[in-house]
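So the chains spell out like this:
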Amino acid sequence: MEEASKEILRFWKTQWEAYMKAMMAMQEQGETMLDMIQNSGVLQEGSQKMVKEWADKYKEIQKIYLDMVEDHFKKLEEIFESTP
């Protein structure tokens, strides 16, 4: 049972890493799109500031989320490694 649990954890971690790569690629595309919109002059100055603040806050929250998930994976790995 212990080996099965380790395999499941490895599978979850592999899936998580694939998800992160896809999410980072989408984020980069989104940032490029936001830059294009802001540089196009479509948005007023106040709107540009609001969009920039929103994007910065999103990055901050996303980093906290990613760090927490990575921390939980490390804790799970430690639990499985310490289990005799």
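In this numbering scheme, every chain counts its residues from 1 along its sequence in written order. At least 70 in pLDDT is required for a residue's local features to be given in this predicted model, at least 80 for side-chain atom pairs to be given and counted, and no such filter applies to totals for whole chains, interfaces and linings, which use all residues. Hydrogens and waters are ignored; side-chain quantities use all the structure's heavy atoms.

Aromatic contacts are taken between Phe, Tyr and Trp rings whose centres are within 6.5 Å, Trp giving its six-membered ring; a plane angle under 30 degrees counts as stacked, one over 60 as edge-to-face, and the others as tilted. Considering all chains together, one arrives at three aromatic pairs under this definition. Between Trp-16 and Tyr-19 the ring centres are 5.3 Å apart and the planes differ by 40 degrees, which places this aromatic pair in the tilted class. In this pair, Trp-16 and Tyr-19 are both assigned in helix H1 (residues 2–40), three residues apart and thus about one turn of the helix distant. Here the term buried applies to any residue with accessible area under 20% of the maximum for its type, exposed to any over 50%, and partly exposed to those in between, with areas from a 1.4 Å probe on protein chains only. A residue is classified by how much of its surface remains accessible, and Tyr-19, at 41% relative accessible area, is partly exposed. With a centroid separation of 5.8 Å and an interplanar angle of 70 degrees, the aromatic rings of Trp-16 and Tyr-65 are classed as edge-to-face. With Trp-16 in helix H1 and Tyr-65 in helix H2 (residues 45–82), the pair connects residues that are 49 residues apart, well separated along the chain. The class of Trp-16 is buried, set by a relative accessible area of 10%. Given a relative accessible area of 42%, Tyr-65 falls into the partly exposed group. Through a chain of ring-to-ring contacts, three or more aromatic side chains come together here, namely Trp-16, Tyr-19 and Tyr-65. Only DSSP runs of H or I covering at least 4 residues are called helices, and only runs of E covering at least 2 are called strands; the numbering of each starts at the N terminus.

That is the geometry; function is a separate question.
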